[in-house]
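# Working through the structure, step by step
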Amino acid sequence: MQAPHHALIVIDVQSDFCPGGALAVTQGDGIIPQINALMEDFQTVVLTQDWHPENHSSFAENHAGAKPFSTVQMPYGAQTLWPRHCVQGTKGAAFHPALRSDLAHLVIRKGFRPAIDSYSALFENDKTTATGLDGYLRARGITALTLVGLATDFCVAFSALDAAAQGFDVTVLQDACRAIDLDGSLAQQQQAMGAAGVVLA
Ligand code: VGL
Ligand code: ZN
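Calculation notes
Residues numbered from 1 in each chain as written. Chains lettered and ligands numbered in written order. Predicted model: local features only at pLDDT ≥ 70, side-chain atom pairs only at ≥ 80, totals over all residues. Heavy atoms only, no water. Near = heavy atom within 4 Å. Polar contact = N/O pair within 3.5 Å; in protein donor to acceptor, adjacent residues only side chain to side chain. Areas by Shrake-Rupley, 256 points an atom, 1.4 Å probe, with all protein chains shown as cover. 1 Å grid on protein atoms, 1.4 Å probe; cavity = no way out; pocket = protein on both sides within 12 Å on 5 of 7 lines; lining within 4 Å. Sits in = over half its atoms within 2 Å of the grid points. Nonpolar A, V, L, I, M, F, W, Y, C, P; charged D, E, K, R; others polar. Points joined across faces, edges and corners; volume = space filled by probe spheres on them. Buried < 20%, exposed > 50% of the residue type's maximum accessible area, 1.4 Å probe, protein only. Helix = DSSP H or I, 4+ residues; strand = E, 2+ residues; numbered from the N terminus. Pairing = 2+ DSSP bridges. Right-handed = clockwise from strand over helix to strand, strands pointing away. Disulfide = S-S within 2.5 Å. Donors = N, O, S within 2.8 Å, 3.2 Å for Na, K, Ca; no water. Contact = heavy atoms within 4.5 Å. Arc of directions from axis to C-beta.

### Regarding the site of ligand 1
Looking at ligand 1, the residues that line it are D12, F17, L23, D50, W82, H85, Y119, L150, A151, F154, C155 and I180. For ligand 1, a nitrogen atom lies 3.1 Å from a polar atom in the side chain of H85. Contact distances for ligand 1 include 3.0 Å between an oxygen atom and a backbone N or O atom of A151. Contact with the protein chains removes 100% of the 260 Å² of surface that ligand 1 exposes when unbound. More than half of the atoms of ligand 1 fall within 2 Å of the grid points belonging to the largest cavity. For the shell around ligand 1, a count of residues per class yields nine nonpolar, one polar and two charged.

Structure follows, in structure tokens:
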């Protein structure tokens with residue numbers, strides 16, 4: 001059993017990010033058995049859930065003429081446009097049925113404001129709107145985080161970078177993550193995480 005100050009954060013293991021889903025990550029479901037085992041080994045387990053309204057500004061279909069995987073400028077900076085995914089209340093937004101979500105202590109939903117995307121579990125993409133996870137972890141005396149889930153180079157990496165910047169000791173278990181890898185994004189984010197002191201295990 002892990003120490004009480006060490007939490008497991010499981011990022012976006014949802015049907016839409018797994019094979020057959022709207023924004024499927026290659027072998028996204030392959031990490032689930034390992035994550036289920038990890039959840040039994042931690043005294044604090046948090047799941048994040050990407051949770052968008054239909055009119056979300058990260059969907060290409062909500063920008064006239066824009067293609068999925070292109071980039072637009074938002075008031076808060078560059079934003080990748082995605083196919084519609086993880087729409088609130090849909091099957092695709094649900095946790096993958098094989099994930100032992102019953103073992104989680106907290107579910108944190110993110111990306112529900114139409115105008116701001118939220119890759120990170122701590123801050124939305126404007127880098128200032130807090131999800132509240134930081135307060136939850138601090139109130140429980142947690143100082144170390146292990147991150148797993150989808151996708152390594154987006155939601156996992158953004159969460160790891162924010163958590164390291166907030167002073168947590170952060171480990172990303174790469175075996176229990178899978179990447180989208182858009183234009184070299186995986187190598188770029190691995191480099192950024194390394195530079196920020198995130199342990200890539
Ligand atoms: C994610 C793209 C859009 C992720 C979420 O979970 O990594 N990626 N929304
Ligand atoms: Zn999303």
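The discussion continues.
### Quick notes on empty space enclosed by the protein
A complete count under the given rule lists one cavity of 30 Å³ or more for this structure. Of the volumes computed, that of the largest cavity is approximately 90 Å³. Grouping the amino acids of the lining of the largest cavity by side-chain chemistry returns nine nonpolar, two polar and two charged.

### What about the pairing of strand β2 (residues 44-50)?
Burial analysis of β2 places seven of its seven residues in the buried class, the great majority of the element. Side chains of β2 alternate between two faces, with T44, V46, T48 and D50 and V45, L47 and Q49 buried alike. Bridge analysis of strand β1 (residues 6-11) against β2 gives four bridges, and the strand direction is parallel. If you follow I9 over to β2, its bridge partner there is V46. Chirality of the crossover, the property in question, places the unit of β1, helix α1 (residues 32-39) and β2 among those that are right-handed. Of the pairings in the sheet, the one linking β2 to strand β5 (residues 106-110) comprises five bridges and is parallel in character. Counted as the bridge partner of Q49 is R109 from β5.

### A short note on the state of the cysteines
Applying the stated rule across the entire model yields zero disulfides. Residue C18 stays outside any disulfide, its sulfur separated by 9.6 Å from that of C86, the closest cysteine. In this model C177 remains outside any disulfide bridge; the closest cysteine sulfur is found in C155, 11 Å from its own.

### A word on the coordination of the zinc ion (ligand 2)
Ideal geometry at a metal centre: 109.5 degrees between donors when four sit tetrahedrally, and 90 or 180 degrees when six sit octahedrally. Protein coordination at the zinc ion (ligand 2) comes from D50 (OD), H52 (NE2) and H85 (NE2), with a distance range of 2.0 to 2.2 Å. In the primary sequence, the donor residues of the zinc ion (ligand 2) line up as D-x1-H-x32-H. Take D50: its relative accessible area is 3%, and that puts it in the buried class.

### Considerations on helix α3 (residues 152-165)
Buried residues dominate α3, accounting for 12 of its 14 residues. Listing the buried residues of α3 in full gives T152, D153, F154, C155, V156, A157, F158, S159, A160, D162, A163 and A164. Where the residues of α3 are buried, they touch β1, β4 (77-80), β5, β6 (144-150), β7 (169-178) and α4 (185-195). Downstream of α3 by a residue or two, G167 has a phi angle that is positive, lying close to 100 degrees.

### Some thoughts on the layout of surface pockets
Space inside the largest pocket adds up to approximately 400 Å³. Around the largest pocket sit 18 residues that line it, and T80, Y119, F154, F158 and Q188 are the ones nearest its centre. With four residues, β4 is the largest single contributor of residues to the lining of the largest pocket. Tallied by class, residues from the lining of the largest pocket come to seven nonpolar, eight polar and three charged.

### Digging into α1
Looking only at α1, the buried set comprises I32, I35, N36, L38 and M39. Down the axis of α1, the smallest arc covering the buried residues is 160 degrees, so these residues share one side. Buried residues along α1 sit against β1, β2, β6 and β7.

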